[in-house]
Amino acid sequence: MSDLTFTRLQARRVALGALGFARQRPESASARHANAVSERLGLFQIDSINVLARAHYMPLFSRIGAYDPEILHRMFGRAPRRMFEYWAHEASLVRSELYPSLRFRMRDGARMWGSMRRVADERPDLVAWVLHEVAERGPLTAREIEHDAVRARDGWGWNWSVVKTALEYLFYKGEVTSARRNSAFERVYDLPERVLPRDVLDLAEPDRDEAHRTLVRVSARALGIATEQCLRDYFRLAAEPTRDAVAELVDAGELLPARIDGWSRPAYLHAEASRPRRIRARALVSPFDPLVFERRRTEELFGFRYRIEIYVPEAKRVHGYYVLPFLLGDSLVARVDLKADRATGRLLVKGAYAEDHAPPETAAELAAELRLMADWLGLSDVVIAARGDLAPALTRMFTM
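Residues numbered from 1 in each chain as written. Predicted model: local features only at pLDDT ≥ 70, side-chain atom pairs only at ≥ 80, totals over all residues. Heavy atoms only, no water.

In the nomenclature of an unreviewed UniProt entry, the protein chain corresponds to Winged helix DNA-binding domain-containing protein from the organism Solicola gregarius.

Have a look at this one:
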């Protein structure tokens, strides 16, 4: 069977449809809509930066509009707990039914940081004591356990205490999990059997090969059309088992070999992916959204070179600190540097830049999306700074 062939535009529309951007936003976003997005994507990446909205809240907003964040809190923090926290793409909220397929990662510790390994090797007594504390007194934060321990600052991790490092080791190994995040965004640790649904804990653990097939299957469904590297990157899988899983899913007819005009890499179409003839999306997209997980994919599909400049010195930043791509129709047409100034109730647009292919209505559509975001975040005003070629038009729209 010859490979399917797609133009870049066709492939882009397949990808956007798979990622949940082909459907019209509901008039009133509900738990049902949020659950459908989480089923589609499989995970929401977590990041601690809160300059705008924490990363795991944003994929839902981008797809279903202004929703009550309590919906996500319930999905993660209350029965029946449709999501749990673990290392997936990076730190992520993951669909609970994928828990058995990530057990191999918990066992082998292949991506574990050196400080975690050291605390397990050098302080097994401490690790055992910390686990006992969680079992006897949980759910607990690291700080609550540290009240009962001598706090040691001896070069462990990112200035973590030894207790925190021990907890992260236990978290990685799956011996403790996160019951929720508190108001300070700290993990609240507890035993998996007191957090995860019983029916999830009772699921049989697949062997490593089947686990990889499951995770690649989820990645392929979420991405629609993707290269092997894209499929591997979604759950940060190793190269060889991903390659084997892709080959097995091709043999099973779940993935269809495809070619995209101008791509040097072979691609794979999920057999159930839709092929939209038009996309009418409008969304501000988090820097941690699956749409932009794999930067080469973003550049090759959208002609949009995207880099996060958070760790770039301010004087060397091109577009700003926390820059969101703006999706309009089937194209990424602009990028916007945003900050939520909660003390003054303002959404600060520190920079707004159009792409060369941006259509004339970009500023007006972006203004509408910024207003929606401000309302969702409980901010009363949108304030435009003077950076970027879209700034003058946006300023006029918000001062009329």
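Our focus in this paragraph is the overall build of the protein chain. When helices and strands are counted, the protein chain shows 17 helices and 14 strands. Expressed along its principal axes, the backbone C-alpha trace of the protein chain runs to roughly 65 × 60 × 40 Å. Across the 400 residues in the protein chain, those meeting the buried criterion constitute 55%. Taking the contacts inside the protein chain whose residues are at least 6 apart along the sequence as the reference set, 65% of them involve residues at least 24 apart. For the protein chain, the distance from the average site of its 61 positive side-chain charges to the average site of its 56 negative ones is 4 Å. (Helix = DSSP H or I, 4+ residues; strand = E, 2+ residues; numbered from the N terminus. Buried < 20%, exposed > 50% of the residue type's maximum accessible area, 1.4 Å probe, protein only. Contact = heavy atoms within 4.5 Å. Lys, Arg positive; Asp, Glu negative; His and termini not counted. Charge placed at Lys NZ, Arg CZ, Asp CG, Glu CD.)

Two strands pair when backbone bridges link them, and strand S12 (residues 331-341) and strand S13 (residues 346-354) are joined in this way by 8 bridges, in the antiparallel orientation. Paired with Arg335 across the strands is Tyr353, a residue of S13. Where S12 folds back on S13, the antiparallel hairpin that results is connected by 4 residues, among which Gly345 adopts a positive phi of roughly 70°. As judged from the 4 bridges shared by S13 and strand S14 (residues 381-384), these two strands associate in the parallel manner. (Pairing = 2+ DSSP bridges.)

Right, let's talk about the sheet that holds S13 for a bit. Across the sheet, 5 strands lie side by side as S10-S11-S12-S13-S14; this open sheet has mixed pairing. The open sheet terminates on both sides in strands that have one partner only, identified here as strand S10 (281-284) and S14. Put simply, the sheet's adjacent strands are angled 30° from each other on average, direction ignored. The sheet contacts of helix H17 (residues 391-399) involve S13 and S14, and relative to S14 the element is tilted by about 145°. (Axes fitted to C-alpha atoms, helices over the stretch in contact; angles between N-to-C directions.)

Once that is clear, we can look at the packing of aromatic side chains. Enumeration according to the criterion identifies 9 aromatic pairs in this entry. Ring geometry for Tyr86 versus Phe171: centroids 5.9 Å apart, planes at 45°, classification tilted. On the criterion of sequence distance, the pair formed by Tyr86 in strand S3 (residues 83-87) and Phe171 in helix H9 (residues 162-172) is long-range, its members being 85 residues apart. Summarising the burial analysis for this pair, Tyr86 and Phe171 share the class buried. When the ring centre of Phe61 is taken as reference, the NZ or CZ atom of Arg25 above it lies at 5.7 Å. (Phe/Tyr/Trp six-rings, centres within 6.5 Å; stacked < 30°, edge-to-face > 60°. Lys NZ or Arg CZ within 6 Å of the ring centre and 35° of its normal.)

Axis separation between helix H12 (residues 208-223) and helix H14 (residues 239-251) bottoms out at 9 Å; the angle between their running directions is 75°. In this view, H12 runs roughly perpendicular relative to H14, as classed from their interaxial angle. Residues His212, Arg213, Val216 and Arg217 of H12 touch H14, and the partners they reach there are Pro241, Thr242, Ala245, Val246, Glu248 and Leu249. Considering only residue class, the contact of H12 with H14 consists of 5 nonpolar, 2 polar and 3 charged. (Parallel < 35°, antiparallel > 145°, perpendicular 65-115°, else oblique. Nonpolar A, V, L, I, M, F, W, Y, C, P; charged D, E, K, R; others polar.)

Another point: the sheet that holds strand S2 (residues 43-45). Taken in spatial order, the 3 strands make up an open sheet running S2-S4-S3, and their pairing is antiparallel. Two strands in the sheet have a free side with no partner beyond their single neighbour: S2 and S3. Neighbour-to-neighbour, the strand axes of this sheet turn through a mean angle of 25°, independent of strand direction. Inspection of the sheet shows S3 paired to strand S4 (residues 91-95) by 5 bridges, in the antiparallel sense. Within S4, the residue paired with Glu85 across the bridge is Leu93. Across the sheet, helix H2 (residues 31-41) is in contact with S2, S3 and S4; its angle to S2 comes to roughly 90°.

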